[in-house]
Amino acid sequence: MELIIIKTQASWAITINSYDKRAADSCADALFGLIAERRGSYEHIIFLCIGTDRATGDAFGPLAGHMLIKGRNARRAYVYGSLHKPVHAANLTMALEAIYEHHKNPLIIAIDACLGAADKIGKIIIKDGAIIPGMAKGERLAKVGDISILGVVNIANGDTACPLEVLSSTRLNVVMQMAEVAAKAIGKCVGRLNTS
């Protein structure tokens, strides 16, 4: 199994190959560790699944959210963003306002697609800290999340005039694989939190 751990003073991140047999367990362990470090500092866990199904590559977040809503076993976790009700650039601010209006001291775990090096496609990155959604599409939205789960869906090419074309030409199989692993890992992690 390929695990790449990066630890700096500012943040911590782990990269996991979603095609590895133990990928969901590894993701669950990493996520559990990051959440457990924050015990007592939050009342609700929020999974904010960002993206849209209008571009295959950008559907990682909504697919993961859809799978979580359909099969989650967690009572203490809330999911915002799915195929039915996506959270994207146009409504992210409203979604955040709703989260802070309905949840006291939320721990927000942002889930989003990203572009990366060719050898990183199909890898899931779990990191301590926020993400800046929309960067792959040339948008710069506000930072979001206390913890982040990123799915590397396609190659980031500085020469690409339109990153949206890259996202639109992404293989659905890659996105589905990562979404399934992320949703399974989150289910395992929250199940452990409920029993610990």
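All values derive from a computational prediction rather than experimental measurement. (Residues numbered from 1 in each chain as written. Predicted model: local features only at pLDDT ≥ 70, side-chain atom pairs only at ≥ 80, totals over all residues. Heavy atoms only, no water.)

Engineer: Is there a simple way to think about the overall build of the chain in this case?
Structural biologist: On a plain count of helices and strands, the chain comes out with five helices and seven strands. Counted from the first residue to the last, the chain has its helices and strands arranged as β-β-α-β-α-β-α-β-β-β-α-α. Counting all 196 residues of the chain, 50% fall into the buried class. In the chain, the share of contacts with a sequence separation of at least 24, taken over all contacts with a separation of at least 6, comes to 71%. (Helix = DSSP H or I, 4+ residues; strand = E, 2+ residues; numbered from the N terminus. Buried < 20%, exposed > 50% of the residue type's maximum accessible area, 1.4 Å probe, protein only. Contact = heavy atoms within 4.5 Å.)

Engineer: How should I be thinking about the packing of helix H1 (residues 23-36) against helix H5 (residues 172-195) in this particular structure?
Structural biologist: Each packed pair of helices is defined by two parameters, the angle between the axes and the distance between the axes. Where H1 meets H5, the closest approach of the two axes is 8 Å, and the angle between their N-to-C directions is 45 degrees. With respect to each other, H1 and H5 are oriented oblique. Classified by chirality, the crossing of H5 by H1 is right-handed. Of the residues in H5, those in contact with Ala23, Ala24, Asp25, Cys27, Ala28, Asp29, Leu31, Phe32 and Ile35 of H1 are Val181, Lys184, Ala185, Ile186, Lys188, Cys189, Arg192 and Leu193. Tallied by class, residues from the contact of H1 with H5 come to twelve nonpolar, no polar and five charged. (Axes fitted to C-alpha atoms, helices over the stretch in contact; angles between N-to-C directions. Parallel < 35°, antiparallel > 145°, perpendicular 65-115°, else oblique. Left-handed = near helix turned anticlockwise from the far one by under 90°. Nonpolar A, V, L, I, M, F, W, Y, C, P; charged D, E, K, R; others polar.)

Engineer: Can you walk me through the packing of aromatic side chains in this structure?
Structural biologist: Ring pairs (aromatic) are described by centroid distance and by the angle formed between their planes. Counted according to the given criterion, the structure contains zero aromatic pairs. Positioned above the aromatic ring of Phe32, the side-chain terminus of Arg192 is 4.1 Å from the ring centre. (Phe/Tyr/Trp six-rings, centres within 6.5 Å; stacked < 30°, edge-to-face > 60°. Lys NZ or Arg CZ within 6 Å of the ring centre and 35° of its normal.)

Engineer: Which parts of the structure should I look at to understand the nonpolar core?
Structural biologist: The tendency in soluble globular proteins is for nonpolar side chains to be buried side by side. With 48 residues, the main nonpolar core has Leu31, Ile35, Ile45, Phe47, Phe60 and Ile149 as its most contacted residues. Ranked by residues supplied to this core, first place goes to H5 with twelve residues. Setting aside residues no more than four positions away along its own chain, Ile35 makes contact with Tyr42, Ile45, Leu107, Ile109, Ile147, Cys189 and Leu193. Ranked by size, the runner-up nonpolar core spans 18 residues in total, among them Ala13, Leu92, Ile99 and Ile125. (Core = buried A, V, L, I, M, F, W, Y, C linked by side-chain atoms within 4.5 Å.)

Engineer: Looking at this structure, how should I read the environment of Ile108?
Structural biologist: Note on placement: Ile108 falls in strand S5 (residues 106-116). Ile108 sits in the buried class, given a relative accessible area of 2%. The spacing of Ile108 and Phe47 is 61 residues in sequence and 6.1 Å in space, taken between C-alpha atoms. What Ile108 contacts, discounting residues up to four positions off in sequence, is Ile46, Leu48, Leu96, Ile99, Tyr100, Gly145, Asp146 and Ile147.

Engineer: Please clarify how the pattern of salt bridges should be interpreted in this entry.
Structural biologist: Side chains carrying opposite charge are able to pair once their charged atoms draw close together. Counting across every chain of the model gives five salt bridges. One salt bridge connects Asp29 with Arg192, and the closest N-O pair in it is separated by 2.7 Å. In this pair, Asp29 sits in helix H1 while Arg192 sits in helix H5, placing the two residues 163 residues apart along the sequence. Residue class for Asp29 comes out partly exposed when judged on its relative accessible area of 39%. Each of Arg22, Asp25 and Lys188 takes part in salt bridges that share partners, so that together they form one network. (Salt bridge = Lys/Arg side-chain N within 4 Å of Asp/Glu carboxyl O.)

Engineer: What is the right way to read the pairing of strand S7 (residues 147-155) from this model?
Structural biologist: On a regular strand, each side chain points to the face opposite its neighbour's, so the side chains alternate between the two faces of the sheet. Of all nine residues in S7, eight are buried; the element is thus mostly enclosed. As defined by bridge partners, S5 adjoins S7 across eight bridges and the pair is classed as parallel. From the neighbouring strand, Ile111 faces S7, where its bridge partner is Ile149. Judged from the five bridges that link them, strand S6 (residues 123-128) and S7 form a sheet pairing that is antiparallel. In the sheet register, Asp128 faces S7, and the bridge partner there is Ile147. (Pairing = 2+ DSSP bridges.)

Engineer: Just to check I follow, could you spell out the environment of Thr56 for this structure?
Structural biologist: Note on placement: Thr56 falls in the loop between strand S3 (44-49) and helix H2 (60-71). Between the alpha carbons of Thr56 and Ser169 there is a distance of 7.1 Å; along the sequence they are 113 residues apart. Residues within four places of Thr56 in sequence aside, it is in contact with Leu167, Ser168, Thr170, Arg171, Leu172 and Val175.

Engineer: Help me understand H2, please; the structure alone is not making it clear to me.
Structural biologist: With twelve residues, H2 should cover 16 Å at 1.5 Å per step; its first-to-last C-alpha distance of 17 Å lies within 8% of that length. Considering only its buried residues, H2 is in contact with S3, strand S4 (77-80), S5, S7 and H5. (Expected span 1.5 Å × (residues − 1).)

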